Protein chains: 2
Amino acid sequence: MRHRIWLRTVSTVLNPKMRSHTYIDTLGSARIMARVLDGKALAKEIKAELKIKIHNWVSSGQRAPSLRCIIVGEDPASHTYVKNKIAAAIEIGIEAQTLKYDENLTEEALITAIELLNEDTTVDGILVQLPLPNNIDERRVCNAVAPEKDVDGFHITNVGQLCLDMPTIVPATALAVIEMLKRFKIETFGRNAVVVGRSKNVGLPIAMMLHSDKNHDSGLGMDATVTVCHRYTPPELLQQHCRNADIIVTATGVPNLIKADMIKPGATVIDVGITRITDEQGKTKLVGDVDYDEVVKVAGAVTPVPGGVGPMTVAMLMHNTFQAAQKIWQQ
Amino acid sequence: MRHRIWLRTVSTVLNPKMRSHTYIDTLGSARIMARVLDGKALAKEIKAELKIKIHNWVSSGQRAPSLRCIIVGEDPASHTYVKNKIAAAIEIGIEAQTLKYDENLTEEALITAIELLNEDTTVDGILVQLPLPNNIDERRVCNAVAPEKDVDGFHITNVGQLCLDMPTIVPATALAVIEMLKRFKIETFGRNAVVVGRSKNVGLPIAMMLHSDKNHDSGLGMDATVTVCHRYTPPELLQQHCRNADIIVTATGVPNLIKADMIKPGATVIDVGITRITDEQGKTKLVGDVDYDEVVKVAGAVTPVPGGVGPMTVAMLMHNTFQAAQKIWQQ
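These figures come from a predicted structure and were not determined experimentally.

Student: Would you take a moment to explain the pairing of strand β5 (residues 95-101) of chain A for this structure?
Tutor: Residues in a regular strand point their side chains to alternate faces of the sheet. Residues and elements named next belong to chain A. Judged from the seven bridges that link them, strand β4 (residues 66-72) and β5 form a sheet pairing that is parallel. Opposite I71, over in β5, you have K100 as the bridge partner. For the crossover from β4 across helix α4 (residues 76-91) to β5, the handedness is right-handed.

Student: What is the right way to look at the nonpolar core in this model?
Tutor: Judged by nonpolar contacts, the single largest core of 132 residues is most densely connected at L210 and M318 of chain A together with L210 and M318 of chain B. Not counting the four nearest positions on each side in its chain, M318 of chain A is found in contact with L50, L67, K85, A88, A89, I92 and I94 of chain A.

Student: Explain the pattern of salt bridges to me, please; I cannot follow it from the model alone.
Tutor: For side chains of opposite charge, pairing can occur when their charged atoms come near one another. Under the counting rule described, the total for this entry stands at 22 salt bridges over all chains. Measuring nitrogen to oxygen at the nearest pair gives 3.1 Å for the salt bridge that ties E95 of chain A to R68 of chain A. With E95 of chain A in strand β5 and R68 of chain A in strand β4, this residue pair connects regions lying 27 residues apart in the sequence. In this structure, the salt-bridge partner of E107 of chain B is R140 of chain B, at a minimum N-O distance of 2.6 Å. One end of the pair, E107 of chain B, is in helix α5 (residues 107-119); the other, R140 of chain B, is in helix α6 (residues 138-144), and 33 residues separate them in sequence. Taking relative accessible area as the criterion, R140 of chain B reaches 35% and is therefore assigned partly exposed. Put simply, E49, E179 and R183 of chain A are held in one network by salt bridges that share partners.

Student: Explain the environment of W57 of chain B to me, please; I cannot follow it from the model alone.
Tutor: All names here are of chain B. Relative to the helices and strands, W57 resides in helix α3 (residues 39-59). Its relative accessible area of 13% is what places W57 among the buried residues. A sequence separation of 269 residues divides W57 from Q326, and the C-alpha atoms of the two residues are 9.0 Å apart. Sequence-distant contacts of W57, defined by excluding residues within four places in its chain, comprise Q62, R63, P65, F322, A325, Q326 and W329.

Student: Explanation requested: the sheet that holds strand β5 (residues 95-101) of chain B in the structure shown.
Tutor: Sheet strands pair via backbone hydrogen bonds, and the direction of the pair is either parallel or antiparallel. Residues and elements named next belong to chain B. One open sheet accounts for three strands, arranged β5-β4-β6; its pairing is parallel. The open sheet has two free edges, formed respectively by β5 and β6 (125-128), since each of these has just one partner strand. Here the strands of the sheet are splayed against their neighbours by 15 degrees on average, with no regard to which way each runs. Sitting on the sheet, helix α4 (residues 76-91) is in contact with β4 (66-72), β5 and β6, with an inclination near 160 degrees to β5. Sitting on the sheet, α5 is in contact with β4, β5 and β6, with an inclination near 180 degrees to β4.

Student: Looking at this structure, I do not really get the environment of E95 of chain A. What am I missing?
Tutor: Residues and elements named next belong to chain A. Look at E95 and you get partly exposed, because its relative accessible area is 31%. When the C-alpha positions of E95 and D124 are compared, they lie 9.8 Å apart, and in sequence the two are 29 residues distant. Of note is the side chain of E95, whose polar atom sits 3.1 Å from the side chain of R68.

Student: What should I look at first to understand the UniProt feature "domain: Tetrahydrofolate dehydrogenase/cyclohydrolase catalytic" (unreviewed entry) in chain A in this one?
Tutor: In the UniProt entry, the feature "domain: Tetrahydrofolate dehydrogenase/cyclohydrolase catalytic" (unreviewed entry) is given for residues 37-152 of chain A. In residues 37-152 of chain A, helix accounts for 49% and strand for 16%; the two terminal C-alpha atoms are 24 Å from one another.

Student: Looking at this model, I keep getting lost on helix α9 (residues 203-211) of chain B. Mind explaining?
Tutor: Along an α-helix, a turn takes 3.6 residues, which lines up residues three or four apart on a common side. Counting buried residues in α9 of chain B gives nine out of nine residues, a clear majority hidden from the surface. For α9 of chain B, the full list of buried residues reads G203, L204, P205, I206, A207, M208, M209, L210 and H211 of chain B.

Student: Help me understand the relation of the copies chain B and chain A, please; the structure alone is not making it clear to me.
Tutor: You can overlay chain B on chain A at an RMSD of 0.0 Å; the transform is a turn of 180 degrees with a shift of 0.0 Å along its axis. Both chain copies can therefore be described as sitting about a two-fold axis. Interface residue correspondence from chain B to chain A reaches 100%, placing this contact among same-surface, isologous pairings.

Student: Is there a simple way to think about the packing of aromatic side chains in this case?
Tutor: How two aromatic rings sit relative to each other is given by the distance of their centres and the angle of their planes. All names here are of chain A. Throughout the structure, instances matching the rule amount to six aromatic pairs over all chains. Ring plane angle 85 degrees and centroid distance 5.7 Å describe the contact between W57 and F322, whose orientation is recorded as edge-to-face. One end of the pair, W57, is in helix α3 (residues 39-59); the other, F322, is in helix α12 (residues 309-330), with 265 residues separating them in the sequence. Each member of the pair, W57 together with F322, is buried.

Student: What exactly am I supposed to notice about the UniProt feature "domain: Tetrahydrofolate dehydrogenase/cyclohydrolase NAD(P)-binding" (unreviewed entry) in chain A here?
Tutor: Taken from the UniProt record, the annotation "domain: Tetrahydrofolate dehydrogenase/cyclohydrolase NAD(P)-binding" (unreviewed entry) applies to residues 171-327 of chain A. Across residues 171-327 of chain A, helical content stands at 34% and strand content at 18%; the span's end C-alpha atoms are separated by 17 Å.

Student: What am I meant to see in the pairing of β4 of chain A here?
Tutor: Among the seven residues that make up β4 of chain A, seven are buried, leaving the element largely enclosed by the rest of the structure. Residue alternation in β4 of chain A divides its side chains into two sets, S66, R68, I70 and V72 of chain A and L67, C69 and I71 of chain A, and both sets are buried.

Cut-offs applied
- Residues numbered from 1 in each chain as written.
- Chains lettered and ligands numbered in written order.
- Predicted model: local features only at pLDDT ≥ 70, side-chain atom pairs only at ≥ 80, totals over all residues.
- Heavy atoms only, no water.
- Pairing = 2+ DSSP bridges.
- Helix = DSSP H or I, 4+ residues; strand = E, 2+ residues; numbered from the N terminus.
- Right-handed = clockwise from strand over helix to strand, strands pointing away.
- Core = buried A, V, L, I, M, F, W, Y, C linked by side-chain atoms within 4.5 Å.
- Buried < 20%, exposed > 50% of the residue type's maximum accessible area, 1.4 Å probe, protein only.
- Contact = heavy atoms within 4.5 Å.
- Salt bridge = Lys/Arg side-chain N within 4 Å of Asp/Glu carboxyl O.
- Axes fitted to C-alpha atoms, helices over the stretch in contact; angles between N-to-C directions.
- Polar contact = N/O pair within 3.5 Å; in protein donor to acceptor, adjacent residues only side chain to side chain.
- UniProt positions renumbered as here; feature names shortened; annotations may be inferred.
- Least-squares fit on C-alpha atoms with pLDDT ≥ 70 in both.
- Phe/Tyr/Trp six-rings, centres within 6.5 Å; stacked < 30°, edge-to-face > 60°.

Here it is in structure tokens:
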């Protein structure tokens, strides 16, 4: 992977499989298209690394790390996500099971189920797939998971630790973005970054790590100057901030929000958005927040949807689960 | 106070005491100087309000709210701060005492002292004056204070709740800034704001409230677009962000960092910095981060140092103490 990055211009020639290439624009001049940050390939690499580490862990006499995913109701997307997480876990040697509940489950019953898992010494990671049915208070449920088993990083204590730059469990999607910036060697120190979207599970933790001090205990700080934009950022202000940004991370779920004329040439664009749309032919497909086909002509690097942050999120959840298992064992 | 704000241009004429006035610039044209956001007067107003509320609370049969300030060592500035806090508390009817310890106090002994106050049902608020001697881990000490008595808002749980927009105890300086914006009717919704400084006790909680959703449970969200700048923001980038900002909050402790040519005409500038400097005559004086004499000619509103955020911080600490007392009573 590193090889690819440092030899970008050369590898474009040497390695035709690499998805960075020239195109001829309408005036006939050749331009270099953005480097595509292949999250699928990177996730595969990270999972392979984890698989070896977990193998060594088990070989040294430890119990395999274990994960429990709780799902309430029948939302098909949620079931797909959980299925992918369980499959990834099993693939790399994490013992994983799903606990499926009817959508009529009460909040108290769900919390009791979580408390049983908290006490279960054979369980390292607990994940409650969101969203939950309307009658259940998600915040209360997130806080019911024992902080040391909270592999989603949504517990108040884990949020507090993240915001104080302390070692903690970081929400997987946010960690995926930071890990991609690191592994693809996107410089963040002193750079100007924009995070679009202020959700507590995604936008906020990303902004937190991007602007924080690298020398603090968590080691996750990226020392960028960071602007958080959101639904009440006027369009012209959003455009202005994006145009000045070296790095844009967008996590809104609004297709085509980020257009080519909002990108500084050469900037890095990380697309966390994922929305299922129906095209003119009546086919459904997944798209991000970014007008990909045009942005790829201006940006220096861009993540595709699908195949960008999505698979990396699953890989970082596996990272979190193994981290939880190690930490619980140390206690 | 409202009267003053809405009739600003009129009151400049009607009320010669109001510190907004015209000056003649070097080309001879008259300009309106910034409105001075008088933190001292506002703090007095807020303390008077609290005094009435506490009087009513006690009249209804409740015990007076109580505050304990712990100070370790002989730092003169810290002793002055604590003295001011205790005086303000007593003035408005809060029962307040200082616990003074030698600088050789061990971390364990300090934590034991805190735990005794945690268990003391006659104590509502506990404050440990920072900085602590080098042999003591400040983070551990902050987390030793019971979250419901943590009137500084530094406990991990309170930080987590703040970052999740939940009702909590907010660090007094950050709350002072937000309260000043509210009471002086500075519009924040959809506006472009810059926070200079990323400290966990000041810059971070200010940025958090400024960018958050007003409709969330805390009710403290200001819905601004927020950029966090810090020591690794290149000077030209800091200048660029500040020049585009409707609101600048600076909390760095670097005198004269924010100059007039960095201010958009009419912008609001909140100066949280406070540094003791020695002038050419050998006199010491307190200054903020802002080149006040020049900025006041460009900005629309500005806080002075001293007399701006400083006194408001003390007032908001009193607010936090009364809030803690009420909440503990409800439990």
